Every structure is written in C-alpha cells, then in structure tokens.
Amino acid sequence: MLVGLLLVGLALLFAQLADVLLLIFAAILLATLITAAAQPFVRIGIRQTWSVMLGLATLFAVLGILGWLFGATLGAQFEAVAAKLPGAIQRAQAWAAGVPLLQSTLSATPDLQGVVGRALSVAFGALGAVLNLVLVVIGAVYLALQPRLYARGLARLFPKSQTAQIDAALLASGGRC
C-alpha cells in the first residue's frame with residue numbers, strides 16, 4: 001500500500017515537473033550545439049568564454065539568415081492567404097445560406113467575449129513560449145560556459161559510491177568532467 005502510494009506520488013511529481021524537465025533537456029541540447037559551434041574558435045586560441053559567446057552568435061546568425069530566407073517566402077504566402085480569406089469566407093457564407101440546416105447558425109452573432117478570450121489565450125501562450133525560449137537560451141549559455149561545474153553537480157546528486165560511474169558515463173556521453 002505504501003509503495004503504491006509512493007509510486008503514485010512520484011508519478012504526480014513527474015507530471016508536474018514535465019515542462020521543467022523538457023526545458024532542462026532543451027537547454028542541454030542547445031548547450032551542446034553552442035559548444036560545438038565554439039570549438040573552432042577554441043582551436044584558434046580564443047578563450048573558452050569568448051568562444052562560447054562567438055559560437056552562440058554564430059548559431060543566432062545562421063538561424064537569422066535561415067529565418068530571413070524562409071521568412072520572406074512564408075510572409076508572402078501569409079499575405080496571399082490573408083488577401084483571399086475574406087472572399088473565401090463570403091463564398092462559404094453564401095453556400096451555407098443555401099443549406100437549410102446551416103441558416104440558423106448564420107443568423108447567430110459571434111460571441112465577442114469568446115473571441116477575445118481565445119485571442120488572449122493565444123497571446124499569453126505565445127508570451128509563455130518566448131519566455132521559455134529565453135530561459136532555455138540562458139540555461140544553455142550557463143551550461144556551455146561551465147560544463148564541468150554542472151557535471152560535477154549532477155554526479156553529486158547520486159550516492160558517493162556511484163560518483164565514479166556517473167563521471168564515467170558523463171565523460172562517455174561527451175561531457176568534460
């Protein structure tokens with residue numbers, strides 16, 4: 001009974017922490033990319049801190065260029081959809097007016113409160129996504145700047161008898177303990 005209660009409690013805890021664990025995982029992945037982008041700068045003799053910052057700037061530049069290249073195409077496509085949407089809505093309304101079952105729904109006025117609520121929900125969702133992205137980038141920079149510190153901290157979360165195995169696992173997975 002007690003073990004079952006403990007397992008249920010752990011499941012609920014992990015369900016609550018799922019978002020945080022995903023953000024940590026994303027920060028680790030981004031730190032790996034930043035470190036990989038920083039390696040050419042380290043090889044030419046630039047200090048680790050500046051290499052990480054240059055690696056981060058390189059990643060942002062590459063993402064910015066890709067966004068600019070593909071963003072122009074997407075922007076043009078969204079403009080085309082926005083230009084055609086009012087006519088498509090009018091045609092759909094004209095078609096629905098000819099269907100007896102749909103005539104009653106056309107006469108109903110749109111629920112302004114529901115529309116505003118959905119718009120605010122989308123806006124707050126987008127704000128949350130941007131804030132999560134900022135947290136991931138900041139976490140990744142910290143992890144990329146001092147990977148040994150965080151690897152040692154992770155190893156210390158385990159019993160002392162397991163520390164050597166954890167260090168070996170981190171080293172084998174690309175860590176620099």
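Quick caveat, the model's predicted, so the values are computed rather than measured.

Draft legend 1. Structural detail: the side chain of S51. Summarising the element assignment, S51 is placed in helix α2 (residues 48-97). S51 gets classed as buried once you look at its relative accessible area, which sits at 0%. Contacts of S51, omitting those with residues within four sequence positions, involve A38, F41, V42 and I46.

Draft legend 2. Just the layout of surface pockets, in detail. By volume, the second largest pocket is sized at about 150 Å³. Lining the second largest pocket, in full, are L30, L33, I34, L56, L59, F60, L63, L133, V136 and V137. Only α1 (2-43), α2 and α4 (112-145) provide two or more residues apiece to the lining of the second largest pocket. For the lining of the second largest pocket, the leading source of residues is α2, giving four residues. Among the residues forming the lining of the second largest pocket, the class breakdown is 10 nonpolar, no polar and no charged.

Draft legend 3. Quick look at α1. Along its length, α1 reaches its greatest deviation from straightness, about 55°, at L17. Those residues of α1 that fall on the buried side of the exposure criterion are A27, A31, I34, T35, A37 and A38. Taken from the residues just after α1, G45 is the one with a positive phi, measuring 105°.

Draft legend 4. Spatial organisation of the confidence of the model for the protein. With 87% of its residues at a pLDDT of 70 or more, the protein shows a mean pLDDT of 82. Taking the mean pLDDT of every element in the protein, the minimum, 61, falls on helix α3 (residues 103-107) and the maximum, 89, on α1.

Criteria and thresholds
Residues numbered from 1 in each chain as written. Predicted model: local features only at pLDDT ≥ 70, side-chain atom pairs only at ≥ 80, totals over all residues. Heavy atoms only, no water. Helix = DSSP H or I, 4+ residues; strand = E, 2+ residues; numbered from the N terminus. Buried < 20%, exposed > 50% of the residue type's maximum accessible area, 1.4 Å probe, protein only. Contact = heavy atoms within 4.5 Å. 1 Å grid on protein atoms, 1.4 Å probe; cavity = no way out; pocket = protein on both sides within 12 Å on 5 of 7 lines; lining within 4 Å. Points joined across faces, edges and corners; volume = space filled by probe spheres on them. Nonpolar A, V, L, I, M, F, W, Y, C, P; charged D, E, K, R; others polar. Bend = angle between axes of the 7 residues up to and from the residue. pLDDT = per-residue confidence, 0-100.

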